[in-house]
Amino acid sequence: PLWEAPELPASGSLDELNRRVQQCRECPIGARATQGVCGKGPQGAAVMVVGEQPGEQEDLQGRPFVGPAGQLFDRALQRLGIGRETVFVSNAVRHFKFELRGKRRLHKTPSQQEALACRHWLEDEIAQVRPGALVALGATAARSLLGRPVAVLEERGRWLEREDGLRVLVTVHPSYLLRLPQGEQAEAFERFVRELGQAWGGAS
Ligand code: URA
């Protein structure tokens, strides 16, 4: 609408981007969340890893991937000997979308419109971080990064290329691993570690 202030140009720092995200009401999720959660990590990181959206813990703490999915992600990085502080970790969507069940806030997958509305924040971040390569954890991240629907279970473990030339390695989301039957988790985790490792190894 005409009465809204125009979008500020994508300039400045990651801190400025974070401040602007806190004001974002371009979709309905922001008003219900505790805070917006931006990516964390060093500018110029070799690899930027993108998830779906903050969960309960991330929403409360204001940092990406600190809850159960984040802990599994950390275990995978440890297995690869990669320090989390060397990785830029972010999300496709900046706010936690949930459904209230009693007092509990249950994760709800963001709609395509919501993910699309949020995409410019992710692109601003990529422009500032200038990573060597991208990793998409799951379908929401893959679609936001590549601008098309991605069948993750078919395209996982392969390098895909964006129009700007940046390469994207697609793999599953750690929450997917947590939902698998117990008996399948160990093997699925090994495959996740191998695929994630490709992002640092370069070759596919
Ligand atoms: N799941 C995500 O996709 N991102 C987070 O930050 C946490 C959980």
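Please refer to the structure higher up on the page.
Residues numbered from 1 in each chain as written. Predicted model: local features only at pLDDT ≥ 70, side-chain atom pairs only at ≥ 80, totals over all residues.

Novice: Help me understand the overall build of the protein in this model?
Specialist: Looking only at helices and strands, the protein features eight helices and seven strands. Against the globule reference of 17 Å for 204 residues, the protein gives a C-alpha radius of gyration of 16 Å, in line with a compact fold. Dimensions of the protein along its principal axes, counting C-alpha atoms only, are 55 × 45 × 30 Å. Sequence separation of at least 24 residues holds for 70% of the intrachain contacts in the protein that already meet a minimum separation of 6. (Helix = DSSP H or I, 4+ residues; strand = E, 2+ residues; numbered from the N terminus. Rg over C-alpha atoms; globule rule 2.2 N^0.38 Å. Contact = placed C-beta atoms within 7 Å.)

Novice: Please explain the site of the ligand as it appears in this structure.
Specialist: The full set of residues close to the ligand is Gly 51, Glu 52, Gln 53, Pro 54, Gly 55, Glu 58, Pro 64, Phe 65, Gly 67, Ala 69, Gly 70 and Asn 91. A class-by-class count of the residues in the shell around the ligand yields four nonpolar, six polar and two charged. (Near = placed C-beta within 6 Å. Nonpolar A, V, L, I, M, F, W, Y, C, P; charged D, E, K, R; others polar.)

Novice: Hey, could you run me through unusual backbone geometry in this one?
Specialist: Both trends apply: most residues other than glycine have a negative phi, and most peptide bonds are in trans. Of note, Phe 65 is a non-glycine position whose phi angle comes to about 50°, a positive value. Take Phe 65: it is sitting in the loop between helix H2 (56-61) and helix H3 (68-80). Exposure remark for Phe 65: the 27 C-beta atoms within 10 Å place this residue in the buried category. (Buried ≥ 20, exposed ≤ 12 C-beta atoms within 10 Å, placed from the backbone.)

Novice: Mind showing me how you'd approach the sheet that holds strand E5 (residues 133-137) here?
Specialist: Strand-to-strand pairing in sheets goes through backbone hydrogen bonds, with the strands running parallel or antiparallel. Pairing is mixed across the open sheet formed by five strands, whose spatial order is E2-E1-E5-E7-E6. The open sheet has two edge strands with one neighbour each: strand E2 (88-91) and strand E6 (159-161). When the angles between neighbouring strand axes are averaged without regard to direction, this sheet yields 30°. Sheet topology places E6 next to strand E7 (residues 167-171); three bridges connect them, and they run antiparallel. Paired with Glu 161 across the two strands is Arg 167, which belongs to E7. (Pairing = 2+ DSSP bridges. Axes fitted to C-alpha atoms, helices over the stretch in contact; angles between N-to-C directions.)

Novice: Looking at this structure, I do not really get the packing of helix H1 (residues 14-22) against helix H4 (residues 112-129). What am I missing?
Specialist: Helix packing geometry: the angle between the two helix axes and the distance between the axes. As a packed pair, H1 and H4 sit with axes 10 Å apart at the nearest point and diverge in direction by 170°. It follows that H1 is roughly antiparallel to H4 by the angle criterion. Here Leu 14, Leu 17 and Val 21 of H1 lie close against H4, whose contacting residues are Trp 121, Asp 124, Glu 125 and Gln 128. Here the contact of H1 with H4 is built from residues that sort into four nonpolar, one polar and two charged. (Parallel < 35°, antiparallel > 145°, perpendicular 65-115°, else oblique.)

Novice: Looking at this model, I keep getting lost on the nonpolar core. Mind explaining?
Specialist: Side chains of a nonpolar character, in soluble globular proteins, are inclined to be buried together. Val 50, Val 135, Ala 136 and Ala 142 are the most contacted members of the largest nonpolar core, which totals 38 residues. At the level of elements, strand E1 (47-51), H3, E2, H4, E5, helix H5 (139-146), E7 and helix H8 (182-201) are the ones that each hand at least two residues to this core. Sorting elements by how many residues they give to this core places H4 first, with five residues. Contacts of Val 50, omitting those with residues within four sequence positions, involve Ser 90, Asn 91, Ala 92, Leu 122, Leu 134, Val 135, Ala 136, Leu 137, Ala 141 and Leu 145. (Core = buried A, V, L, I, M, F, W, Y, C linked by C-beta atoms within 7 Å.)

Novice: How should H3 be read in this particular structure?
Specialist: Because an α-helix packs 3.6 residues into every turn, residues spaced three or four apart end up facing the same way. The terminal C-alpha atoms of H3 lie 19 Å apart, and with 13 residues this matches the ideal 18 Å at 1.5 Å per residue to within 8%. The complete set of buried residues in H3 reads Ala 69, Gly 70, Phe 73 and Ala 76. In an axial view of H3, the angular spread of the buried residues amounts to 115°, which keeps them on one side of the axis. Immediately downstream of H3, the backbone of Gly 81 shows phi near 70°, a positive value. (Expected span 1.5 Å × (residues − 1). Arc of directions from axis to C-beta.)

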